[in-house]
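Here's the letter readout for the chains.
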Amino acid sequence: MKAYCIVYERLHDPKMFEEYRKQVMPTIEAYGGKFLVRGGKFTAWEGEMPFERIALLEFPSRKAAEDWYNSPGYQKILPLRLNATECQFIVADGVE
């Protein structure tokens, strides 16, 4: 069953975030993941949306998503994202 990482972000340090963006793709691809949404325009039709960016990643399984997030390669660059943004990070199981 596929798993999805949903990340809501508000940028505080665009330069540091850009450094994170330059390094993150190989860590995701190593675990079979890919971006389905990476920033871009969105519209909140219901409720309050306090974040300005959304990222949605797809992984082949929850285990792959968890292994990616906990991998040494991702943990090495994670502080760049955490220090550059205010965020919420969710992992959800898919329906297939």
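For the structure, see preceding data.
First, a word on what this report is: a plain description of the structure on this page. Model, not experiment: these values are computed from the prediction.

Between helix α2 (residues 62-70) and helix α3 (residues 72-84), the shortest axis-to-axis distance is 6 Å and the interhelical angle comes to 65°. With respect to their mutual orientation, α2 and α3 come out roughly perpendicular. Listed contacts from α3 to Trp68, Tyr69 and Asn70 of α2 are Pro72, Tyr74, Gln75, Leu78 and Arg81. Across the contact of α2 with α3, the residue classes tally to five nonpolar, two polar and one charged.

Judged by nonpolar contacts, the single largest core of 17 residues is most densely connected at Val24, Leu57, Phe59, Trp68 and Tyr74. Looking at this core, the elements with two or more residues in it are β1 (3-11), α1 (14-29), β3 (53-59), α2 and α3. Contacts of Trp68, omitting those with residues within four sequence positions, involve Cys5, Val24, Thr27, Ile28, Tyr31, Leu57, Phe59, Tyr74 and Phe89.

Both β1 and β3 contribute to a ladder of seven bridges, which runs antiparallel. Residue pairing for β3: Ile6 is matched across the bridge by Leu56. Looking at chain direction, β1 and strand β4 (residues 85-93) are connected through nine bridges and run antiparallel. Counted as the bridge partner of Tyr4 is Ala92 from β4.

This part is about the packing of aromatic side chains. The full count for this structure, using the stated rule, is nine aromatic pairs. Centre to centre, the rings of Tyr20 and Tyr74 are 6.2 Å apart; their planes meet at 70°, and the pair counts as edge-to-face. One end of the pair, Tyr20, is in helix α1; the other, Tyr74, is in helix α3, and 54 residues separate them in sequence. By the ring-pair criterion, three or more aromatic residues cluster together here, those being Phe17, Tyr20, Phe59, Trp68, Tyr69, Tyr74 and Phe89. The ring centre of Phe51 lies 5.4 Å from the NZ or CZ of Arg10, which sits over that ring.

Should the charged atoms of two oppositely charged side chains come close, the side chains can pair. Overall, the coordinates contain seven salt bridges when judged by the stated rule. Across the pair Lys34 and Glu58 runs a salt bridge, and its minimum N-O distance is 3.7 Å. You can see Lys34 sitting in strand β2 (residues 34-38) and its partner Glu58 sitting in strand β3, a full 24 residues away along the chain. Assessed through its relative accessible area of 42%, Lys34 is described here as partly exposed. Asp67 is paired through a salt bridge with Lys63; the nearest N and O atoms lie 2.7 Å apart. Linking Asp67 with Lys63, this pair stays in helix α2, spanning four residues, or about one helical turn. Its relative accessible area of 31% is what places Asp67 among the partly exposed residues.

What counts and what doesn't
Residue positions are given per chain, counted from 1 along the sequence in the order it is written. Whole-chain, interface and lining totals are the exception, using all residues; otherwise, since this is a predicted model, local features are given only for residues with pLDDT of at least 70 and side-chain atom pairs are given and counted only at 80 or more. Hydrogen atoms and water are omitted, and side-chain values are computed over all heavy atoms in the structure. Geometry is summarised by axes, namely lines fitted to C-alpha atoms with helices restricted to the contacting stretch, and by angles between N-to-C directions that run from 0 to 180 degrees. Numbering of helices and strands runs from the N terminus; a helix is a DSSP stretch of H or I covering at least four residues, while a strand is a stretch of E covering at least two. These descriptions rest on fixed angle ranges, namely under 35 degrees for roughly parallel, over 145 for roughly antiparallel, 65 to 115 for roughly perpendicular, and the rest for oblique. We call two residues in contact when some of their heavy atoms are within 4.5 Å. Gly is put with the polar residues, along with every residue not named as nonpolar or charged; the nonpolar set is Ala, Val, Leu, Ile, Met, Phe, Trp, Tyr, Cys and Pro, and the charged set is Asp, Glu, Lys and Arg. Residues grouped as a nonpolar core are buried Ala, Val, Leu, Ile, Met, Phe, Trp, Tyr and Cys residues, joined through side-chain atoms within 4.5 Å. For each residue, the accessible area found with a 1.4 Å probe, counting protein chains only, is set against the maximum for its type, and the residue is called buried under 20%, exposed over 50%, and partly exposed in between. For two strands to pair, DSSP has to find at least two bridges joining them. Two aromatic rings, drawn from Phe, Tyr or Trp (for Trp, its six-membered ring), form a pair once their centres lie within 6.5 Å of each other, and the interplanar angle then sorts them: stacked below 30 degrees, edge-to-face above 60, tilted otherwise. A ring is scored as having a charge over it whenever the NZ atom of a lysine or the CZ atom of an arginine sits within 6 Å of its centre and within 35 degrees of its normal. What counts as a salt bridge is simple: a side-chain nitrogen of Lys or Arg found within 4 Å of a carboxyl oxygen of Asp or Glu.

By themselves, these are just geometric observations and shouldn't be taken as functional.
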